[in-house]
Amino acid sequence: MPNKNSPVGAPATITREKLIELLNGDLSREYQAIIAYVIYSQTMKGAAYNHIARELEKHAAEELSHALRIAKQIDYLNGTPTKTPKEVKLSDKAEEMLRFDLDNEKTTILNYRQRIRQADALGEFALGEVLRKIIAQEQDHLTDLADALGIDTPKIEAA
């Protein structure tokens with residue numbers, strides 16, 4: 001139970017071991033994003049998707065950078081980075097691929113917001129700063145995907 005002075009959503013107690021476990025889940029999601037963006041960018045067909053396919057290639061490189069930064073933080077905390085990605089959803093429909101990515105980006109942003117609160121609770125402020133920089137790029141990805149789908153950027157709210 002959080003105490004009354006804790007930020008909203010902050011855990012009352014978190015251990016380094018639990019933070020490592022959660023960061024490894026985040027790392028698995030980054031691997032998933034890399035794989036999805038590589039596949040989607042190369043398999044989207046049609047003139048309407050040429051621009052976003054090129055953008056997804058850039059996203060893949062940025063997700064790799066995120067994975068490396070997360071792995072470095074896991075190592076700093078004396079953990080071992082995972083090697084296993086989360087499952088990648090596939091489709092032969094470009095719009096479905098973009099929606100899969102949109103949902104994944106929303107989840108990633110929510111997770112990193114929580115992880116920042118957890119890092120701060122442990123006094124791991126450098127980790128929080130790393131995650132804040134990653135979130136800025138994830139939000140750009142979310143906007144790019146929403147634009148490609150012709151929708152407003154979705155609000156990110158905890159369930």
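Structure: see above.
Residues numbered from 1 in each chain as written. Predicted model: local features only at pLDDT ≥ 70, side-chain atom pairs only at ≥ 80, totals over all residues. Heavy atoms only, no water.

Section: the overall build of the chain
- Of the regular secondary structure elements, the chain holds four helices and zero strands.
- Start at the N end of the chain and walk to the C end: the helices and strands fall as α-α-α-α.
- Its C-alpha atoms give the chain a radius of gyration of 16 Å, within 12% of the compact-globule value 15 Å for 159 residues.
- With the C-alpha coordinates of the chain rotated into their principal frame, the extents come out at 50 × 30 × 20 Å.
- For the chain, buried positions account for 42% of its 159 residues.
- Partitioning the intrachain contacts of the chain with sequence separation of at least 6 by distance along the chain shows that 80% fall at a separation of at least 24. (Helix = DSSP H or I, 4+ residues; strand = E, 2+ residues; numbered from the N terminus. Rg over C-alpha atoms; globule rule 2.2 N^0.38 Å. Buried < 20%, exposed > 50% of the residue type's maximum accessible area, 1.4 Å probe, protein only. Contact = heavy atoms within 4.5 Å.)

Things to note about the nonpolar core
- Tyr-37, Tyr-40, Met-44, Leu-56, Leu-98, Leu-102 and Leu-145 are the most contacted members of the largest nonpolar core, which has 20 residues in total.
- Contributions of two or more residues to this core are made by helix H1 (16-43), helix H2 (50-76), helix H3 (94-122) and helix H4 (125-149).
- Counting residues per element, this core draws most heavily on H3, which supplies six residues.
- Not counting chain neighbours up to four residues away, the residues in contact with Leu-102 comprise Leu-142, Leu-145, Ala-146, Leu-149, Ile-151 and Pro-154. (Core = buried A, V, L, I, M, F, W, Y, C linked by side-chain atoms within 4.5 Å.)

With respect to the packing of H1 against H2
- In contact at an axis separation of 8 Å, H1 and H2 are set at 160° when each is read in the N-to-C sense. In terms of orientation, H1 lies roughly antiparallel with respect to H2. When the axes of H1 and H2 are compared, the crossing they make is left-handed.
- Of the residues assigned to the contact of H1 with H2, the class counts are 18 nonpolar, five polar and four charged. (Axes fitted to C-alpha atoms, helices over the stretch in contact; angles between N-to-C directions. Parallel < 35°, antiparallel > 145°, perpendicular 65-115°, else oblique. Left-handed = near helix turned anticlockwise from the far one by under 90°. Nonpolar A, V, L, I, M, F, W, Y, C, P; charged D, E, K, R; others polar.)

Digging into the environment of Asp-26
- Note that Asp-26 resides in helix H1.
- On the basis of relative accessible area, Asp-26 is assigned to the buried category, the value being 3%.
- Taking C-alpha positions, Asp-26 is 9.7 Å from Ala-71, a pair spaced 45 residues apart along the chain.
- Every residue in contact with Asp-26, bar those within four places of it in the chain, is listed here: Asn-111, Tyr-112 and Arg-115.
- Side-chain polar atoms of Asp-26 contact the side chain of Arg-115, separated by 2.7 Å. (Polar contact = N/O pair within 3.5 Å; in protein donor to acceptor, adjacent residues only side chain to side chain.)

This is a description of form; function is not addressed.
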